[in-house]
Amino acid sequence: MFAQALNGLSYGVLLFLLSVGLTLIFGMLDVVNLAHGSFYMLGAYAGLALIAATGSFWLALVVAPLVVGGIGAAIERSCLRPLYHRPPLDQVLLTFGLIYFFEDLVKWGWGGRIRSIPAPDLFSGSVTVVGATVPSYRLFVIVFGLAMAGAVWLLIERTRLGSIIRAGVFDAEMTAGMGVNIHRVFTGVFAFGTALAGLSGVIAGPIQSAYPPMGASILIPALIVVVVGGLGSLKGSLVGSLIIGQAETFGKAWLPGASMLMIYLVMAAIVLLRPQGLFGRPLK
Amino acid sequence: MIARLAAFGLLAALAALFPLFFGNYPVKLLQEILIWGIFAMSLDLLMGYAGMVSFGHSAFFGVGGYVAALALTAYPGTLSALVLPPLAAGLAALVIGFFSIRVGGVYFIMLTLAFSQMFYAVTFQAAWLGAEDGIVGVPRAQVLGVNLAQPMGFHLFLLSLVALTALGLRRVVRSPFGHVLQGINENEGRMEAVGYAVNRYKLLAFVIAGTVAGMAGALYTQLVGSITPDAFLWTTSGEALLMVIIGGTGTLGGAVLGAGAFILLQSLVSSYTERWMLILGLTFILLVLFAPGGIVGVLRGRVGLRA
């Protein structure tokens, strides 16, 4: 029971790192980035390559997100920028194309089979917490994830850059009118969001391994988190991640026959009761 | 008008005679395009006309497919092949639509997606539906006196259903009902203020689209003789969505063109290189950047065709 809750928590913080980027990108750029999961996948594979080259998980944990963020910035400037004033469906088509593109690129480079990413030596064992045996790597994920969540929180809620981002999410045009170079902020937010997705890909590696369609399969839970929490809301993606993380884990344990249903039921219930999500601004 | 009719007649004749001149693979490809064309047209009724972007249209494709598989296995006949699947899909659309149309935009996208994924989750874990292997070995039936197990019979059956769907949906979008839908797409609040029961129109559109999608699913089951939970997967909806966008939203013919382009591209590229997803992905990206409005948009721009 307690071990399940910890599993759910580690999955939850992973979802949080993923959904922060998704929610900020949506809130600010108005882009439903279907390729967000692809950046998660790119993170895992960049991590794999870096570990193979250097033997250091910790180096990969730092460098892979930077690489992914760089790719994100390049994508934003070359592909998304021309679309900001076009119908939203164009972005759907574009980001869908990116999913295909990146998934195949990774297949090309690494093949289609599942590759495991070893946990760092420091956290390869397991520990006993309150009578439950838990892989110590999971505890690391929880602590590191929560620390990152705190850092992101401080960055967005307590810094000048953060207030510009929040203003941009609230009203991008107005923010541009205040003399902020909104294009540069857009690129920055996209790069930041994708870098976090890359980071969660590296962290997830030792738990879930790396395989090409991993991006497409993580996208749906991440989108669900964003909708449950409320679009553009940081607090929403934190609370949403924790709810969905627990729902998924306990669903698997208690309702093995219908485990996959759980998160969809949670989401449908919340959207029906509160369409704008738990912390979203009221619609219209 | 007469030129157009003649052109369509010629096209229909060519499609009907196709199996006489080409082998199994091209014929199967054409039939796949026709079925996805029906599916894409039904989605375009929602997207292009009513402005409701659904990411869960696969729910109805899958329901149609599964009902056809179950019914045809138990009782191969007209009812199982032609009537029950769209009816069941329409019913599913009524229930899902009842809940989904109450929210708009991204929330509608996500709610429809959640519903279709629920079907995926249920079929994936339901032993009596074959779990992840789905239902295989579905026979083709005798429908309205035509034996569909016979290739030409199936081909003509398929062609006539595509034609009927296209004509039927064309009637729908050009009817007063269709105009109300387009009005809702342009300005929902205004239509509500003028006194239209907006939600009832949206629900009806959702049910019509679901019913037609169910027919497409049933035809797909009959084409390949099986159905798996993957039919419900969000990527199935996504691919239909791409077909509509590639063809050009808001034009039924465009949806069929988009289906054709997608499937031809996929099979053409995959026969030359293993890297078809890469090429397909790049094509979408370039298409968005350089050919907004899809194939129909390009045709109209270059050739000067008007709707």
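Reading guide: rules and limits
- Along each chain, residues carry numbers from 1 onward, in the same order as the chain's sequence is written.
- Written order decides the labels, with chains lettered from A and ligands numbered from 1.
- Side-chain atom pairs in this predicted model are given and counted only at pLDDT of 80 or more, local residue features only at pLDDT of at least 70, and totals for whole chains, interfaces and linings cover all residues.
- By convention in this description, side-chain values take in all heavy atoms of the structure and omit both hydrogens and water.
- Runs of E in the DSSP output that reach at least two residues are strands. Runs of H or I that reach at least four are helices, and both are numbered from the N terminus.
- It is over C-alpha atoms that the radius of gyration is taken, and the globule rule equals 2.2 Å times the number of residues to the power 0.38.
- Burial status follows relative accessibility: with a 1.4 Å probe on protein chains alone, a residue under 20% of its type maximum counts as buried, one over 50% as exposed, and anything between as partly exposed.
- Any two residues having at least one pair of non-hydrogen atoms within 4.5 Å are treated as being in contact.
- Working definition of accessibility: Shrake-Rupley area with a 1.4 Å probe, residue cover restricted to the visible protein chains.
- For a helix, the expected span equals 1.5 Å multiplied by the residue count minus one.
- Two kinds of site are reported from a 1 Å grid over the protein atoms alone, namely cavities, where a 1.4 Å probe fits but cannot get out, and pockets, open sets with protein on both sides within 12 Å along at least five of seven lines, and residues are called lining when an atom falls within 4 Å of a point.
- Grid points are joined across faces, edges and corners, and a volume is the space filled by probe spheres set on the points.
- Ten residues, namely Ala, Val, Leu, Ile, Met, Phe, Trp, Tyr, Cys and Pro, are considered nonpolar, four, namely Asp, Glu, Lys and Arg, are considered charged, and the remaining ones, Gly among them, are considered polar.
- Here the term patch refers to residues with relative accessible area over 30% and no salt bridge, with like charges joined within 9 Å and nonpolar side chains (Val, Leu, Ile, Met, Phe, Trp, Tyr) within 5 Å.
- The salt bridge definition used is simple: a Lys or Arg side-chain nitrogen within 4 Å of an Asp or Glu carboxyl oxygen.
- Pairs were defined over the aromatic rings of Phe, Tyr and Trp, the Trp ring being its six-membered one, requiring ring centres within 6.5 Å. Orientation was assigned from the angle between planes: stacked under 30 degrees, edge-to-face over 60, tilted for the rest.
- The buried area of a pairing is the accessible area, by a 1.4 Å probe, that goes missing from both parts when the two are put together, added over both.
- Definition of a polar contact: a pair of N or O atoms within 3.5 Å, with one able to donate and the other able to accept a hydrogen when the atoms are protein atoms, and with sequence-neighbouring residues admitted only if both atoms are side-chain atoms.
- Residue-level confidence of the predictor, termed pLDDT, takes values from 0 up to 100.
- Paired strands are those between which DSSP finds at least two bridges.
- Axis geometry follows a simple rule: fit a line to the C-alpha atoms, using only the stretch in contact for helices, then measure angles between N-to-C directions, giving values from 0 to 180 degrees.
- Roughly parallel means an angle under 35 degrees; roughly antiparallel means over 145; roughly perpendicular covers 65 to 115; every other angle is labelled oblique.
- Take the far helix as your reference; a near helix turned counterclockwise from it by less than a right angle gives a left-handed crossing, and one turned clockwise gives a right-handed crossing.

### Details of the overall build of chain A
Here is step 1: Scanning chain A from N- to C-terminus turns up 11 helices and 2 strands.
Here is step 2: Tracing chain A from N to C terminus, the helices and strands come up as α-α-α-α-β-β-α-α-α-α-α-α-α.
Here is step 3: Taking 284 residues into account, the globule formula puts the C-alpha radius of gyration at 19 Å, and chain A, at 18 Å, falls close to it.
Here is step 4: Projected onto the principal axes, the alpha-carbon positions of chain A cover approximately 55 × 45 × 35 Å.
Here is step 5: Expressed as a percentage of the 284 residues in chain A, the buried residues total 55%.
Here is step 6: Contacts in chain A between residues far apart in sequence, at least 24 positions, make up 77% of those at least 6 positions apart.
Here is step 7: Summed over its atoms, the accessible surface of chain A is roughly 11500 Å², and 67% of this surface lies on carbon and sulfur atoms.

### Some remarks on the overall build of chain B
Here is step 1: When you go through chain B residue by residue, the secondary structure sums to 13 helices and 2 strands.
Here is step 2: Dimensions of chain B along its principal axes, counting C-alpha atoms only, are 55 × 45 × 40 Å.
Here is step 3: Looking at chain B as a whole, 53% of its 307 residues qualify as buried.
Here is step 4: Across chain B, contacts joining residues at least 24 apart in sequence account for 76% of those joining residues at least 6 apart.
Here is step 5: Total accessible area on chain B stands at roughly 13500 Å², and carbon and sulfur atoms take up 67% of it.

### Some remarks on helix H10 (residues 234-247) of chain B
Residue and element names in this part refer to chain B.
Here is step 1: The end-to-end C-alpha distance of H10 is 20 Å, a good match for the 20 Å that 14 residues give at a rise of 1.5 Å each.
Here is step 2: Burial analysis of H10 places 13 of its 14 residues in the buried class, the great majority of the element.
Here is step 3: With its phi angle positive at about 120°, Gly248 sits one or two positions after the end of H10.

### Looking at empty space enclosed by the protein
Here is step 1: Counting across every chain of the model gives 1 cavity of 30 Å³ or more.
Here is step 2: Size it by volume and the largest cavity reaches roughly 140 Å³.
Here is step 3: Lining the largest cavity are 17 residues; nearest its centre among them are Val32, Leu34 and Leu223 of chain A together with Val106 and Met110 of chain B.
Here is step 4: Where the lining of the largest cavity is concerned, the elements lending two or more residues are helix H1 (2-29) and helix H9 (214-229) of chain A together with helix H5 (105-125) of chain B.
Here is step 5: Tallied by class, residues from the lining of the largest cavity come to 16 nonpolar, 1 polar and no charged.

### Concerning a nonpolar patch on the surface
Here is step 1: Together, Tyr75, Leu79, Val83, Leu84 and Leu87 of chain B give the surface a local cluster of nonpolar side chains, amounting to about 460 Å² of exposed area.
Here is step 2: If you trace the backbone, Leu84 of chain B turns up in helix H4 (residues 78-100).

### Here's the deal with the packing of aromatic side chains
Residue and element names in this part refer to chain A.
Here is step 1: The tally for this structure, following the rule as stated, stands at 34 aromatic pairs over all chains.
Here is step 2: Between Phe39 and Phe190 the ring centres are 6.1 Å apart and the planes differ by 85°, which places this aromatic pair in the edge-to-face class. Of this pair, Phe39 sits in helix H2 (residues 36-54) while Phe190 sits in helix H8 (residues 182-208); the two residues are 151 residues apart in sequence, bridging distant segments of the chain. Across this residue pair, the class does not change: Phe39 and Phe190 are buried.

### Considering the interface of chain A and chain B
Here is step 1: Listed by partner, the interface residues are 46 residues for chain A and 41 residues for chain B.
Here is step 2: Together, the buried faces of chain A and chain B total about 3900 Å²; carbon and sulfur atoms form 81% of this surface.
Here is step 3: The tally of links from chain A across to chain B stands at 1 salt bridge.
Here is step 4: Residues Asp104 of chain A and Arg275 of chain B are paired through a salt bridge, measuring 3.2 Å at the closest nitrogen-oxygen approach.
Here is step 5: Inspection of the region where chain A meets chain B yields 7 residue pairs in polar contact (both at pLDDT 80 or more).
Here is step 6: In terms of residue count, helix H4 (residues 88-110) of chain A provides more of the side of chain A that touches chain B than any other element does, 16 residues in total.
Here is step 7: Residues of the side of chain A that touches chain B, tallied by class, amount to 35 nonpolar, 6 polar and 5 charged.

### Describing the confidence of the model for chain B
Here is step 1: Looking at chain B, the pLDDT average stands at 89 and 98% of residues meet or exceed 70.
Here is step 2: For this predicted complex, the interface confidence comes out at an ipTM of 0.83, alongside a pTM of 0.87.

### Quick notes on the pairing of strand S2 (residues 132-135) of chain A
All names here are of chain A.
Here is step 1: Going residue by residue along S2, you find Ala132 and Val134 tucked away on one face and Thr133 and Pro135 left uncovered on the opposite face.
Here is step 2: Strand direction decides the pairing type here: strand S1 (residues 126-129) and S2, joined by 4 bridges, are antiparallel. The residue bridging Val127 from the neighbouring strand is Val134, located in S2.
Here is step 3: Linking two consecutive strands that pair antiparallel, namely S1 and S2, is a turn of 2 residues; a positive phi of about 45° is found at Val130 within it.

### Here we look at the pattern of salt bridges
Residues and elements named next belong to chain A.
Here is step 1: A complete count under the given rule lists 6 salt bridges over all chains for this structure.
Here is step 2: Across the pair Asp90 and Arg86 runs a salt bridge, and its minimum N-O distance is 2.8 Å.
Here is step 3: On the accessibility criterion, Asp90 (11% relative accessible area) is buried.

### Quick word on the packing of helix H11 (residues 252-272) of chain B against helix H12 (residues 276-290) of chain B
Residues and elements named next belong to chain B.
Here is step 1: Running from N to C, H11 and H12 point in directions that differ by 140°, and their axes come no closer than 9 Å. In terms of their interaxial angle, H11 and H12 are classed as oblique. As for the relative orientation of H11 and H12, their crossing is right-handed in sense. Contacts from Phe262, Leu265, Gln266, Val269 and Ser270 in H11 reach Trp276, Ile279, Leu280, Thr283 and Phe284 in H12.

### Some thoughts on the packing of helix H2 (residues 24-49) of chain B against helix H9 (residues 198-224) of chain B
The description of two packed helices rests on the angle between their axes and on the distance between the axes.
All names here are of chain B.
Here is step 1: The geometry of H2 relative to H9 is characterised by a closest axis approach of 8 Å and an angle of 165° between their N-to-C directions. In terms of orientation, H2 and H9 fall into the roughly antiparallel class. Handedness of the crossing formed by H2 with H9: left-handed. Here Lys28, Gln31, Glu32, Ile35, Trp36, Ile38, Phe39, Ser42, Leu45 and Leu46 of H2 lie close against H9, whose contacting residues are Ala205, Phe206, Ile208, Ala209, Val212, Ala213, Ala216, Leu219, Tyr220, Leu223 and Val224.

### Description of unusual backbone geometry
Here is step 1: At Asp30 of chain A, a residue that is not glycine, the phi angle is positive and equals roughly 65°.
Here is step 2: Given a relative accessible area of 52%, Asp30 of chain A falls into the exposed group.
Here is step 3: Positive phi outside glycine occurs at Ala131 of chain B, with the angle close to 45°.
Here is step 4: Tracing the sequence through the fold places Ala131 of chain B in the loop between H5 and strand S1 (142-143).

### Points about the side chain of Gln117 of chain B
Here is step 1: Tracing the backbone shows Gln117 of chain B in helix H5.
Here is step 2: Excluding anything up to four places from it in sequence, Gln117 of chain B contacts Tyr264 of chain A together with Phe232, Leu233 and Trp234 of chain B.

### Describing the environment of Ala253 of chain A
All names here are of chain A.
Here is step 1: Secondary-structure assignment places Ala253 in helix H10 (residues 234-254).
Here is step 2: Owing to a relative accessible area of 34%, Ala253 belongs among the partly exposed residues under this scheme.
Here is step 3: Expressed as a C-alpha distance, the spacing of Ala253 and Ala151, which sit 102 residues apart in the sequence, is 32 Å.

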